[in-house]
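This is what each chain is made of:
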Amino acid sequence: MSDDIQEAFERTRAAGIIAAGALDEVVKIIKPGITTNQIDSLCYEFINDNGACSAPLFYRGFPKSCCTSPNHTICHGIPGNKTLIDGDIINVDVTSFKNGWHGDTSRMFYVGEVSIKAQKLIEVTYGSMMKAIKILNKKTSLGDIGSTIQTYVEKEGFSVVRDFCGHGIGKKFHQEPNILHYGKKGTGPKLKPGMIFTVEPMINEGKYEAKMLNDGWTAVTKDKKLSAQFEHTVGITETGYEIFTLSKKELNHPPYSV
Ligand code: MF3
Ligand code: CO
Ligand code: CO
């Protein structure tokens, strides 16, 4: 691959490792009684201690260093003084910016003991992301990604959020192309070696419709049922793909045994 692509991959790798490292730290503190502000502070400190910046902080006016999206929150929840309680599920989404490049990743966490239903939603959401990542190569079309996720998720009885999508990422936090998490096999442009983007399906227990809260950021399910999300930043290679945001400690999905 060209020098430019190699440099892009190296820098995205460096940013991705820091974002994933922040989530590995979250694993250590998440339990009933902590606030989403505590998660935010931890992410802020970890990212800065590793010589990077948090990309969400002040991005289009976003006030915090990560997104915390519990229970029926789909995405972009703002950390605050909300205390997590036993049985909650929560997504933490972290994006680091290092040497001019971004790494974007999110995981779900259990707070104490969570319902079987919530566990299943989380398992299917993680599975849908990984199934889509595993098909990535230069012959894959954008529609294959969406259709892989949608087919699996709907077979399991859940729904794919339409209002938010994955995105190209690099020197900019969000850029072309949009990566839809639903769609038809074989449609849309084919992937090219060197492309870097996120796969970040948001999956609902009930219907897919979303509603925006008055803060202008927080998206919740319209039917107030649970929602889950995972996110990796990936790159297309000559032979397949690379995931830039894997956990070095193999803490990619719950239950996390630490
Ligand atoms: N990290 C989110 C994503 O996956 C974007 C968050 S933007 C923010 O694209 F401003 F809400 F932080
Ligand atoms: Co993203
Ligand atoms: Co993200």
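Residues numbered from 1 in each chain as written. Chains lettered and ligands numbered in written order. Predicted model: local features only at pLDDT ≥ 70, side-chain atom pairs only at ≥ 80, totals over all residues. Heavy atoms only, no water.

### Regarding the packing of helix α3 (residues 116–134) against helix α4 (residues 142–155)
Which entries qualify depends on this criterion: Under this scheme, a helix contributes an axis fitted over its contacting stretch, all axes are lines through C-alpha atoms, and angles between N-to-C directions fall in the 0 to 180 degree range. Secondary structure elements are defined from DSSP: runs of H or I of at least 4 residues count as helices, runs of E of at least 2 residues count as strands, and each element is numbered from the N terminus. Orientation is classified from the angle alone, with under 35 degrees giving roughly parallel, over 145 giving roughly antiparallel, 65 to 115 giving roughly perpendicular, and any other angle giving oblique. Take the far helix as the reference: if the near one is turned anticlockwise from it by less than a right angle, the crossing is left-handed, and if turned clockwise, right-handed. Whether two residues are in contact is decided by their heavy atoms, any of which lying within 4.5 Å being enough. Residues were grouped as follows: Ala, Val, Leu, Ile, Met, Phe, Trp, Tyr, Cys and Pro as nonpolar; Asp, Glu, Lys and Arg as charged; and all remaining residues, including Gly, as polar.
Two numbers describe how α3 lies on α4: the axes approach to 9 Å, and their chain directions differ by 150 degrees. Taken together, the axis directions place α3 and α4 in an arrangement best described as roughly antiparallel. For the pair α3 and α4, the sense of crossing is right-handed. Residues V124, G127, S128, K131 and A132 of α3 pack against I145, T148, I149, Y152 and V153 of α4. Residues of the contact of α3 with α4, tallied by class, amount to six nonpolar, three polar and one charged.

### Quick notes on the site of ligand 1
This is how it is decided: The criterion for a residue being near a molecule or strand is simple. One of its heavy atoms has to lie within 4 Å of it. In protein, a polar contact means a hydrogen-donor-capable atom and an acceptor-capable atom, both N or O and within 3.5 Å, with residues adjacent in sequence counting only if both atoms are side-chain atoms; elsewhere, any N or O pair within 3.5 Å suffices.
Near ligand 1, the surroundings consist of 14 residues, among which P56, H167, H174, E200 and E231 are the closest. Side-chain polar atom of D104 to an oxygen atom of ligand 1: 3.1 Å apart, as the coordinates give it. A distance of 2.8 Å is found between an oxygen atom of ligand 1 and a side-chain nitrogen or oxygen belonging to E200. A class-by-class count of the residues in the shell around ligand 1 yields six nonpolar, four polar and four charged.

### Thoughts on the coordination of the cobalt ion (ligand 2)
Geometrically, a metal with four donors at the corners of a regular tetrahedron has ideal angles of 109.5 degrees, and one with six donors at the corners of a regular octahedron has ideal angles of 90 or 180 degrees. How we decide: Water is not among the atoms examined, so metal sites may look incomplete; donors are the N, O and S atoms within 2.8 Å of the metal, or within 3.2 Å for Na, K and Ca. Between 85 and 135 degrees for all angles marks four donors as tetrahedral; over 155 degrees for opposite donors together with 65 to 115 for all other angles marks four donors as square planar and six as octahedral; every other arrangement is irregular. Relative accessibility thresholds used throughout: buried, under 20% of the residue-type maximum; exposed, over 50%; partly exposed, between the two (1.4 Å probe, protein chains only).
Coordination of the cobalt ion (ligand 2) by the protein comes from D104 (OD), H167 (NE2), E200 (OE) and E231 (OE), over a distance range of 2.0 to 2.2 Å. Given six donor atoms and angles of 51 to 162 degrees at the metal, the environment of the cobalt ion (ligand 2) is assigned as irregular. Of note, the cobalt ion (ligand 2) draws all its donor residues from one chain, in the sequence arrangement D-x62-H-x32-E-x30-E. Between the cobalt ion (ligand 2) and the cobalt ion (ligand 3), the interatomic distance is 3.3 Å, and D104 donates to each metal, bridging them. Of this pair, D104 sits in strand β5 (residues 101–110) while E200 sits in the loop between β9 (196–199) and β10 (202–204), and the two are 96 residues apart along the sequence. Judged by its relative accessible area of 2%, D104 falls in the buried class.

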